[in-house]
Amino acid sequence: MPILVTSPSRELHSHNMDMDDKRRKQTKGSDFKSRLQRRSSQSPNTERLSPEEMILWSQSLERLLASKYGMTTFQAFLKSEFSDENIEFWLICEDYKKIKSSFRLSSRAKKIYKTYIEAEAPKEINIDHKTRDLIRWNVKTPTTVCFDEAQRIVYRLMEKDSYPRFLRSNIYRTLLDSASDYIKV
């Protein structure tokens, strides 16, 4: 019977990789903070993110998404967790509702369906079978509201899951810390 022998160098290499990952996670927040400080000191005449605005983000997902910086920060957070399909879908639906041309409405509806709704879609969102079937039917004769139910579901998912994780994340905590540092100065 063959015996599996692990080489000490392989175990050492694995241990070193684990240590590097831990160091990267620990310094991620401080790197982010130093980048923020450099950016604010380099461009004094540009519009800044105010500490008050960051604090408002914690009041609701709606407040976070209404802020240009909040939206960008939330997207970066979701991307770092490999779960940005929900916010992408939600934003695409917001743009979709503004389309006036019936031809563009139809082609965009099909593209959204293939990208986010269809089973095994590249960026498939987590919706129930009933909603998926409803949208499949709606896309045949699309209107500006044909994705509304899925958009509501995705918003609720972000509100109950992603948003609370964002508020506990290093990204948000680092921003709040840098804001408090800015206020002290």
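Everything that follows concerns the structure shown earlier in this document.
We now turn to the structure provided with this report. Quantities reported herein were computed from a predicted structural model and do not represent experimental measurements.

1. Topic: the overall build of the protein chain
Tallying secondary structure elements over the protein chain gives 9 helices and 0 strands in all. Order of helices (α) and strands (β) in the protein chain, N terminus to C terminus: α-α-α-α-α-α-α-α-α. Counting every position in the protein chain, which comprises 185 residues, the buried fraction comes to 32%. The contacts in the protein chain between residues at least 6 apart in sequence include a share of 61% that link residues at least 24 apart. Roughly 12,700 Å² of accessible area belongs to the protein chain as shown, and the carbon and sulfur atoms make up 55% of that amount.

2. A look at the side chain of threonine 174
Considering the arrangement of structural elements, one finds threonine 174 in helix α9 (residues 170-184). Residue threonine 174 is classed as buried on the basis of its relative accessible area of 8%.

3. Points about helix α6 (residues 102-117)
Residues of α6 that are buried: Leu105, Ala109, Ile112, Tyr113, Thr115, Tyr116 and Ile117. Tucked into the core, α6 has its buried residues touching α5 (85-96), α7 (129-138) and α8 (148-168). For α6, the side-chain oxygen to backbone nitrogen distance between the N-cap and phenylalanine 103 is 3.4 Å, and the N-cap itself is serine 101.

4. Re the nonpolar core
One finds Phe74, Phe89, Ile117 and Phe147 to be the most contacted residues of the largest nonpolar core, which totals 39 residues. For this core, the element with the most residues is α8, which contributes 8 residues. Residues in contact with phenylalanine 89, not counting those within four places in the same chain, are Ile112, Tyr116, Ile117, Ile125, Phe147, Ala150, Gln151 and Val154.

5. With respect to the pattern of salt bridges
For the structure shown, the criterion picks out 10 salt bridges. For aspartate 84, the salt bridge goes to lysine 79, with nearest N and O atoms at 3.7 Å. The exposure class assigned to aspartate 84 is buried, which follows from its relative accessible area of 16%. On the accessibility criterion, lysine 79 (52% relative accessible area) is exposed. Note that lysine 97 and aspartate 148 form a salt bridge whose closest N and O atoms lie 3.6 Å from each other.

6. Brief notes about the packing of helix α4 (residues 68-80) against α5
As a packed pair, α4 and α5 sit with axes 9 Å apart at the nearest point and diverge in direction by 140 degrees. The angle between α4 and α5 falls in the class oblique. Where α4 abuts α5, its residues Met71, Phe74, Gln75 and Leu78 lie against Ile87, Trp90 and Leu91. Residues that form the contact of α4 with α5 fall into these classes: 6 nonpolar, 1 polar and no charged.

Reading the values: rules and limits
- Note on numbering: residues in each chain are counted from 1, in written sequence order.
- With the structure being a predicted model, the display of local features is reserved for residues of pLDDT at least 70 and the display and counting of side-chain atom pairs for 80 or more, all residues being used for whole-chain, interface and lining totals.
- Note that water and hydrogens are dropped before the side-chain values are worked out from all heavy atoms of the structure.
- Numbering goes from the N terminus for both helices and strands, where a helix is a DSSP run of H or I of at least four residues and a strand is a run of E of at least two.
- When a residue's accessible area, from a 1.4 Å probe over protein chains only, is under 20% of the maximum for its type it is buried; when over 50% it is exposed; and in between it is partly exposed.
- By definition in these notes, contact holds between two residues if any of their heavy atoms fall within 4.5 Å.
- In these tables, accessible area is a Shrake-Rupley quantity obtained with a 1.4 Å probe, and a residue counts as shielded only by the protein chains included in the view.
- We define a polar contact as two N or O atoms separated by no more than 3.5 Å, with the added condition that, inside protein, one atom must be a possible hydrogen donor and the other a possible acceptor, whereas residues neighbouring each other in sequence contribute only through side-chain atom pairs.
- Take the buried Ala, Val, Leu, Ile, Met, Phe, Trp, Tyr and Cys residues and link them wherever side-chain atoms come within 4.5 Å; each set so joined is a nonpolar core.
- What makes a salt bridge here is a side-chain nitrogen of Lys or Arg within 4 Å of a carboxyl oxygen of Asp or Glu, nothing more.
- Note on geometry: axes are lines fitted to C-alpha atoms, helical ones only across the stretch in contact, with angles between N-to-C directions running from 0 to 180 degrees.
- Under this scheme an angle from 65 to 115 degrees is roughly perpendicular, one under 35 degrees roughly parallel, and one over 145 degrees roughly antiparallel; angles in between are oblique.
- Basically, the charged four are Asp, Glu, Lys and Arg, the nonpolar ten are Ala, Val, Leu, Ile, Met, Phe, Trp, Tyr, Cys and Pro, and anything else, Gly included, counts as polar.

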